[in-house]
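Summary of the model geometry
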Amino acid sequence: MQQNPIARKHLVWSLITGLGVGAIAGAPLGWMANGYFSDQRMVQSMICRDKNRDKPVAMVESICGSRF
């Protein structure tokens, strides 16, 4: 059986193809994950602020963190 060595240009094109596919597939997944986790953080902050609404604003900021 004859074996053909892998040429450098094949490795480069394989790397470029992998980066392209990864960027195309990864960008929407990252965008959706970011939206999900930012929504979760916002809800946690709102719940914390609601539980501590009778306290001064400075104390609520130290307990719950910033709104943004």
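Residues numbered from 1 in each chain as written. Predicted model: local features only at pLDDT ≥ 70, side-chain atom pairs only at ≥ 80, totals over all residues. Heavy atoms only, no water.

1. Considerations on the state of the cysteines
- For the coordinates displayed, the defined rule picks out one disulfide.
- Paired through a disulfide, Cys 48 and Cys 64 show a sulfur-sulfur distance of 1.9 Å. On the S-S bond that ties Cys 48 to Cys 64, the torsion sits near -80 degrees, and the link is left-handed. Here Cys 48, found in helix 1 (residues 8–51), pairs with Cys 64, found in helix 2 (residues 57–64); they are 16 residues apart in sequence, far enough to count as distant. Neither Cys 48 nor Cys 64 differs from the other in exposure class; each is buried. (Disulfide = S-S within 2.5 Å. Helix = DSSP H or I, 4+ residues; strand = E, 2+ residues; numbered from the N terminus. Buried < 20%, exposed > 50% of the residue type's maximum accessible area, 1.4 Å probe, protein only.)

2. Considering the environment of Leu 29
- As for its placement among the helices and strands, Leu 29 is situated in helix 1.
- Placed 18 residues apart in sequence, Leu 29 and Ile 47 show a C-alpha to C-alpha distance of 27 Å.

3. Points about the pattern of salt bridges
- Summed over the entire model, instances satisfying the criterion amount to two salt bridges.
- For Glu 61, the salt bridge identified is with Arg 49, shortest N-O distance 3.0 Å. Of this pair, Glu 61 sits in helix 2 while Arg 49 is found in helix 1, placing the two residues twelve residues apart along the sequence.
- Its relative accessible area of 32% is what places Glu 61 among the partly exposed residues.
- A residue is classified by how much of its surface remains accessible, and Arg 49, at 17% relative accessible area, is buried.
- Across the salt bridge formed by Asp 50 and Arg 53, the nearest N and O atoms sit 2.7 Å from each other. (Salt bridge = Lys/Arg side-chain N within 4 Å of Asp/Glu carboxyl O.)

4. Remarks on the packing of aromatic side chains
- Here the structure, examined in full by the defined rule, presents one aromatic pair.
- Measuring from centroid to centroid gives 5.1 Å for Tyr 36 and Phe 37, while their planes differ by 75 degrees, and the two rings are edge-to-face.
- Residue classification places Tyr 36 among the partly exposed residues on the basis of a relative accessible area of 48%.
- For Phe 37, a relative accessible area of 56% corresponds to the exposed category. (Phe/Tyr/Trp six-rings, centres within 6.5 Å; stacked < 30°, edge-to-face > 60°.)

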